[in-house]
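Residues per chain are reported as follows:
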Amino acid sequence: MRKKIVAGNWKMNLDYNEGLGVFSEIINMVKDEVTGTQEAVICSPFIHLHSLVQLAKGYSKVSLGAQNAHQAESGAYTGEISAKMIKSIGAAYVILGHSERRQYFGETNELLAKKTDTALANDLRPIFCIGETLQEREANQYFNIIKSQLVEGVFHLDAAHFSKLVIAYEPVWAIGTGVTASSEQAQEIHAFIRKEIATKYSQEVADNTTILYGGSCNPKNAPELFAQPDIDGGLIGGASLKSRDFVDIVKVFN
Ligand code: PGA
C-alpha cells in the first residue's frame, strides 16, 4: 500500500545555522516520538542540504529533498543546480512545479515535464505539485486545470517512472494564507487525481501513488485532512519551520 509522507518545504527561510538547529530538533523528536511507518522529509535550501543529509544518517524515518532542480543534465547555466548534484550528496526527493516556481519563475507544464524526466533519470523522487488559483476555483475551472497539469507535466511517463512520483495537491489560494481547503474540498480533488491516474495507468498504480495535501496545513487541521481516504500526507510550508509543529503533523500517522 502507498506510503504516508509528511514533507516540509522550508522555502527561502532559515540561515545555515538556524536550519541545522531546527533539523537537529526534528530528527531527535522523530526518533523519540514517531511510532508508525510514515516518512518525514525536509526540503531545505541547497546550502543546507549536504549537512542535513549527514545529520540524518542512521535515522531511517527522515529523508531530505531539494526544492527545485534544473532540466539540463549539466552545462553553462550559471547559478543553477542539477539533479545529478542533488543526488550525489544523498538527497532522495526534489519538489517540482511548486506554485511559487510557476508564478515567480515562469515554470510551465512543458518545462516541468523536462525537469521531471531529468530528476527521474538521476534517481530522484519528484514531489510534483499541482493546484488551481482562486480565480480558477471561482470560475469552476479547477478540475480542468488540475487535469492539464497532470497530462502536460507527468502523464508522458511510463508506469514504471510514474510510480516513483509523489503528487502534491496545493490549492494556490491556501498556500501561506492561513486559509486551508476544507477536508471535503481536498478529498474531492485527491479522489479526482487518483481517478485520473487509474484511467491513464491502472488502478494498481493509482492505489500505490502517495498524494499529499498542501496549503496552510498545521497540527490543528492535519488530523481531519489526513483522515480522508485519498489524502496520504502533507506538504508543509510555514509549520515546517517549527520543529514541534512539524513533528506533531508527522505524528498524525502514529
Ligand atoms: P504553507 O505552504 O503550509 O505555508 O501554506 C505550503 C507550501 O507552499 O508547500
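Everything numeric here is computed off the predicted structure, so don't read it as measured data.

Scoring rules and cut-offs
- Residues numbered from 1 in each chain as written.
- Predicted model: local features only at pLDDT ≥ 70, side-chain atom pairs only at ≥ 80, totals over all residues.
- Heavy atoms only, no water.
- UniProt positions renumbered as here; feature names shortened; annotations may be inferred.
- 1 Å grid on protein atoms, 1.4 Å probe; cavity = no way out; pocket = protein on both sides within 12 Å on 5 of 7 lines; lining within 4 Å.
- Helix = DSSP H or I, 4+ residues; strand = E, 2+ residues; numbered from the N terminus.
- Near = heavy atom within 4 Å.
- Polar contact = N/O pair within 3.5 Å; in protein donor to acceptor, adjacent residues only side chain to side chain.
- Areas by Shrake-Rupley, 256 points an atom, 1.4 Å probe, with all protein chains shown as cover.
- Nonpolar A, V, L, I, M, F, W, Y, C, P; charged D, E, K, R; others polar.
- Buried < 20%, exposed > 50% of the residue type's maximum accessible area, 1.4 Å probe, protein only.
- Contact = heavy atoms within 4.5 Å.

Engineer: Quick rundown of the UniProt feature "binding site: substrate" (unreviewed entry) in the chain? Include the residues and the values.
Structural biologist: Cross-referencing UniProt, the feature "binding site: substrate" (unreviewed entry) maps to Asn 9, Trp 10, Lys 11, Gly 176, Ser 216, Gly 237 and Gly 238 in the present numbering. For the residues just named, distributed over 230 residues, the greatest C-alpha separation is only 14.0 Å, placing them together at one site. Residues from the named set that contribute to the lining of the largest pocket are Asn 9 and Lys 11. With respect to the helices, strands and loops of the structure, Trp 10 is situated in the loop between strand S1 (5-9) and helix H1 (16-33).

Engineer: Can you tell me about the site of the ligand, naming the residues and giving the values?
Structural biologist: Taken together, 13 residues lie near the ligand, and Lys 11, His 98, Glu 170, Gly 176 and Ser 216 sit nearest. Within the side chain of Lys 11, an N or O atom sits 2.7 Å from an oxygen atom of the ligand. When the free accessible area of the ligand is taken as 280 Å², the share hidden by the protein chains comes to 94%. Class assignment for the residues of the shell around the ligand results in four nonpolar, seven polar and two charged.

Engineer: Hey, could you go over the UniProt feature "active site" (unreviewed entry) in the chain for me, with residue numbers and the actual values?
Structural biologist: Under the UniProt annotation, "active site" (unreviewed entry) lies at His 98 and Glu 170. These annotated residues cover 73 residues of sequence, and their C-alpha atoms lie no more than 8.4 Å from one another, placing them together at a single site. Of the residues annotated just before, the largest pocket has His 98 among its lining. Structurally, the position occupied by His 98 is in the loop between strand S4 (93-96) and helix H4 (99-104). Residue classification places His 98 among the buried positions, given a relative accessible area of 4%. Each residue touching His 98, except ones within four places of it in the same chain, is listed here: Asn 9, Lys 11, Cys 129, Glu 170 and Ile 175. Overall, Glu 170 belongs to the buried group, its relative accessible area being 6%. Apart from the residues within four sequence positions on either side, Glu 170 is in contact with His 98, Cys 129, Ile 130, Gly 131, Glu 132, Ile 175, Gly 214, Gly 215 and Leu 235.

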